[in-house]
Structure formats: C-alpha cells, structure tokens
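Letter by letter, the chains look like this.
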Amino acid sequence: MALKLKFEEVNPGPIALRRRLDSEEEKCQVALADLEDKLRMKWKIVDLSFFDYSFKALLMWAFRKSFLPDDIEIPTQEIVNSYNNRFALKVFPGQAQKDGLLGKNPTLADIKACWDGLSDRQRKHYQAKASTVLIEELPRFRNMMAHPKQFNLVTPPGSPLSAFQLLTDIVSRLWPQSPSK
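Residues numbered from 1 in each chain as written. Predicted model: local features only at pLDDT ≥ 70, side-chain atom pairs only at ≥ 80, totals over all residues. Heavy atoms only, no water.

S.K.: Before we move on, could you go through the overall build of the protein and cite the residues and values that matter?
M.R.: Across its full length, the protein carries eight helices and three strands. Moving toward the C terminus, one meets the helices and strands of the protein in the order α-β-β-α-β-α-α-α-α-α-α. With respect to the principal axes defined by its C-alpha atoms, the protein has extents near 55 × 50 × 40 Å. For the protein, the residues scored as buried account for 32% of the 181 residues in total. Taking all contacts inside the protein whose residues are at least 6 apart in sequence as the whole, residues at least 24 apart take part in 59%. Taken together, the 27 basic and 22 acidic charged side chains of the protein have centroids lying 2 Å from each other. (Helix = DSSP H or I, 4+ residues; strand = E, 2+ residues; numbered from the N terminus. Buried < 20%, exposed > 50% of the residue type's maximum accessible area, 1.4 Å probe, protein only. Contact = heavy atoms within 4.5 Å. Lys, Arg positive; Asp, Glu negative; His and termini not counted. Charge placed at Lys NZ, Arg CZ, Asp CG, Glu CD.)

S.K.: Hey, could you go over the environment of Pro75 for me, with residue numbers and the actual values?
M.R.: One can find Pro75 in the loop between helix 3 (55–64) and helix 4 (77–98). Between the alpha carbons of Pro75 and Ala16 there is a distance of 38 Å; along the sequence they are 59 residues apart. Beyond its immediate stretch of four places on either side in the chain, Pro75 contacts Ser162, Gln165 and Leu166.

S.K.: With reference to specific residues and values, describe the packing of helix 4 against helix 7 (residues 130–146).
M.R.: Here helix 4 crosses helix 7 at 110°, and the two axes come no closer than 9 Å. Of the possible angle classes, the one that applies to helix 4 and helix 7 is roughly perpendicular. Along its contact with helix 4, which presents Glu78, Ile79, Ser82, Tyr83 and Arg86, the element helix 7 presents Thr132, Val133, Leu134, Glu136, Glu137, Leu138, Arg140 and Phe141. Split by residue class, the contact of helix 4 with helix 7 holds six nonpolar, two polar and five charged. (Axes fitted to C-alpha atoms, helices over the stretch in contact; angles between N-to-C directions. Parallel < 35°, antiparallel > 145°, perpendicular 65-115°, else oblique. Nonpolar A, V, L, I, M, F, W, Y, C, P; charged D, E, K, R; others polar.)

S.K.: Account for the nonpolar core, with residues named and values stated.
M.R.: In this structure, Phe7, Leu35, Ile45, Phe51 and Phe92 are the most contacted members of the largest nonpolar core, which totals 46 residues. Of all elements in the fold, only helix 1 (2–10), strand 1 (15–21), helix 2 (32–40), helix 3, helix 4, helix 5 (108–116), helix 7 and helix 8 (158–174) reach the threshold of two or more residues within this core. When sequence neighbours within four positions are dropped, the list of residues in contact with Phe7 reads Leu35, Ile45, Leu48, Phe51, Tyr53, Leu58 and Trp61. (Core = buried A, V, L, I, M, F, W, Y, C linked by side-chain atoms within 4.5 Å.)

S.K.: Please set out the pattern of salt bridges residue by residue, giving values where relevant.
M.R.: Proximity of charged atoms lets side chains of opposite charge pair with each other. Counted under the stated rule, the structure contains 13 salt bridges. Glu36 is the partner of Lys4 in a salt bridge, and the nearest nitrogen-oxygen pair spans 2.7 Å. Note that Lys4 is positioned in helix 1 and Glu36 in helix 2, a separation of 32 residues in sequence. Assessed through its relative accessible area of 26%, Glu36 is described here as partly exposed. (Salt bridge = Lys/Arg side-chain N within 4 Å of Asp/Glu carboxyl O.)

S.K.: Break down helix 1 for me, with residues and values.
M.R.: Since the α-helix advances by 3.6 residues per turn, residues separated by three or four positions end up pointing in the same direction. For helix 1, the set of buried residues is Ala2, Leu3, Lys6 and Phe7. With its buried residues spanning 140° around the axis, helix 1 presents them on a single face. (Arc of directions from axis to C-beta.)

S.K.: Give a description of the sheet that holds strand 3 (residues 44–45) that names residues and reports values.
M.R.: Within the open sheet, the three strands sit side by side as 2-1-3. Their pairing is antiparallel. Pairing within the sheet leaves two strands with one partner each, and these edge strands are strand 2 (24–30) and strand 3. Looking at chain direction, strand 1 and strand 2 are connected through seven bridges and run antiparallel. Residue pairing in the sheet places Leu17 in a bridge with Cys28 of strand 2. (Pairing = 2+ DSSP bridges.)

Put into structure tokens, the structure is as follows:
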C-alpha cells in the first residue's frame, strides 16, 4: 500500500499510455483513478513499459527511482534464504550455462564445483544486489503468507519482527522526515 501511495503521489496524472492492437498503436492520457483499469486492458505507461501496478512492479519502480537503495538491508532471513535456494538451483546455473561455464543438465555436484572454482570477483558478478532479492522474493513471500498451500505458518519469534522491521524501513525511506526548522 505504501508503494502504491508513493507512486500516486509522484505520478498524479494525467498519465500517457499506449498499446498495440492488431499492429496499430493507440495512445491516450488517463487520470490516475483510471490507470489500473487501463493497465488491465493491455495499455502501458509510455515511460514505464514494465509497470502493471503489481507489487513487484511497484518495488522495481521504487528502486529505479532511488526511493529505496540497491543495498537496503534485508533483516528477514526467510526472504534471503528463499532467494539463495533459487539462486543455487536455478539462477546461477542458468547464468553459468549462458556464460559457457556449465553444460546442459548440470548435476548439483557440477554446479557446486563451478561455483567453488570461481574467484571472489567472478562470484560477485553473479551475486544479486539486495534490491534484486527484494524485487524477486518479497512478492513471493507475501503471496505464500497470504495464500498458504505448502507453507508452514509457524515461524520463529524473530520472523514477524524482522518482517515488520523491513516494512518500517521501506516506509520510512519512501517518506523521509524533512529537517525540523
């Protein structure tokens, strides 16, 4: 909600949109109140083609506009661990295959040997910034918590506290206090 409010504060409208239908481009301008409906009908914001009003898109927008720093601290270990698991099993192997470091269908041992064989500089190239981790994992984490299927809602006491700490950090960065006069 805070990200959406900040987006609306920064973009009060009218907002220029465009879309392609049957190889013809249409353009229009809409009031902020009509933006979400237009985006659902395949319209795109002219300067923000990735933006669809989703939580992930709002996070991307906030990082690209530097409302949130790329190196923001992530106190919630579940988010970090989730990304690290996906990184080890999907992200890094895919990137390493594209770079010719791994062949097709690598085993876990192949992936580990490849990673262990990299220099610190090479590893840093493959590691994601905190902003990337949050953009990828925070919406997934939120969805798992809101719509549990195979997710255990029993969490250690620190988890809710660290999630709240992250929330307050993000909100405070979106509206930093101005110096008192």
